[in-house]
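Structural characterization, general
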Amino acid sequence: MFDEPRVARAVREILHAIGEDPEREGLQETPERVAGAYAKLFSGLGEDPARHLEVAFDEGARDLVLIRDLPVCSVCEHHLLPFIGKAHVGYVPEGRIAGFSELARLVEGYARRPQIQERLTAQVADALHDALGAAGSMVVIEATHSCMTMRYAETTGSVAVTSAARGAFEEDAARRAEVLSLIRRGT
Ligand SMILES: [Zn+2]
């Protein structure tokens, strides 16, 4: 599905268009290298990340699960520049729990595609609620956007924070506050 030679051709064209010489020594392999990097950055496009939640354990669990500081490496769809940060993923199981590594893969699957942070946050929360069947889910993502910090010096160090709450967390401010205080304890 991912057409690497076509991406390499397009990158060569971009190099021409910015006034560079794609044939000079340092750039000769660049189109292929960029295409290879894009293949990895956009590898989530071909998958349904919610499938990682099929490997779930029925433990009859009902208590909050929170995993903090999962890495987020994504690409903003408006500028095709990276946004990098961390995700905090919490849910209240309705019996079924997901493996911790599966939660990392869930976030990664949605991150490795042209994205916006708001949608990424919502998709992870939706997957926990709908695919895992959690009674409630809450996701907070903090990220630095290269499209801001690389272009505007005054945004250096700024962090975008997004959150999404589903099910039990939507209706219950005390539960949301519990998750937020647990997240804060780690920072
Ligand atoms: Zn952007």
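Calculation rules
Residues numbered from 1 in each chain as written. Predicted model: local features only at pLDDT ≥ 70, side-chain atom pairs only at ≥ 80, totals over all residues. Heavy atoms only, no water. Pairing = 2+ DSSP bridges. Helix = DSSP H or I, 4+ residues; strand = E, 2+ residues; numbered from the N terminus. Donors = N, O, S within 2.8 Å, 3.2 Å for Na, K, Ca; no water. Buried < 20%, exposed > 50% of the residue type's maximum accessible area, 1.4 Å probe, protein only. Contact = heavy atoms within 4.5 Å. Core = buried A, V, L, I, M, F, W, Y, C linked by side-chain atoms within 4.5 Å. Domains from an automatic or database assignment. Axes fitted to C-alpha atoms, helices over the stretch in contact; angles between N-to-C directions. Parallel < 35°, antiparallel > 145°, perpendicular 65-115°, else oblique. Left-handed = near helix turned anticlockwise from the far one by under 90°. Nonpolar A, V, L, I, M, F, W, Y, C, P; charged D, E, K, R; others polar.

Before going further, it helps to spend a moment on the pairing of strand β2 (residues 65-76). Pairing analysis gives nine bridges linking β2 to strand β3 (residues 82-92), with the strands arranged antiparallel. Looking at β3, one finds that Ser 74 is bridged to Phe 83.

Our next topic: the coordination of the zinc ion. Octahedral metal centres with six donors ideally show angles of 90 or 180 degrees, and tetrahedral centres with four donors ideally show 109.5 degrees. The coordination sphere of the zinc ion contains the protein donors Cys 76 (SG), His 79 (ND1) and Cys 147 (SG), at a distance range of 2.1 to 2.3 Å. Along the chain, the residues donating to the zinc ion are arranged with the sequence spacing C-x2-H-x67-C. One end of the pair, Cys 76, is in strand β2; the other, Cys 147, is in helix α5 (residues 146-149), with 71 residues separating them in the sequence. Of the residues examined, Cys 76 reaches a relative accessible area of 5% and is grouped as buried. Residue classification places Cys 147 among the buried positions, given a relative accessible area of 8%.

Looking at the element boundaries, Arg 12 is found in helix α1 (residues 4-17). Sequence separation of Arg 12 and His 79 is 67 residues, and the distance between their C-alpha atoms is 18 Å. Other than its neighbours up to four places away in sequence, Arg 12 contacts Pro 22, Glu 23, Gln 28, Pro 31 and Glu 32.

The next point concerns the nonpolar core. One recurring pattern in soluble globular proteins is that nonpolar side chains are buried together. By size, the foremost hydrophobic cluster in this structure holds 29 residues, and its most contacted members are Leu 53, Val 89, Tyr 91, Leu 103, Leu 120, Val 124 and Leu 128. Going through the elements one at a time, β2, β3, α3 (100-111), α4 (117-130) and β6 (136-145) are the ones with two or more residues in this core. Core analysis: the second largest hydrophobic core is formed by seven residues, Met 138, Ala 165, Val 179 and Ile 183 among them.

Note on interface size: it is often stated as the accessible area lost on association of the parts. For the protein, the domain assignment lists domain 1 (4-41) and domain 2 (48-185). Spacing between the C-alpha centres of domain 1 and domain 2 amounts to 33 Å.

A separate point is the packing of α3 against α4. For any two helices packed against each other, one specifies the crossing angle of their axes together with the interaxial distance. Contact geometry for α3 and α4: axes closest at 10 Å, N-to-C directions at 140°. Put simply, α3 runs oblique to α4. Like other packed secondary-structure pairs, α3 and α4 cross with a definite hand, here right-handed. Residues Leu 103, Leu 106, Val 107, Tyr 110 and Ala 111 of α3 touch α4, and the partners they reach there are Leu 120, Gln 123, Val 124, Ala 127 and Leu 128. For the contact of α3 with α4, the residue count by class is nine nonpolar, one polar and no charged.

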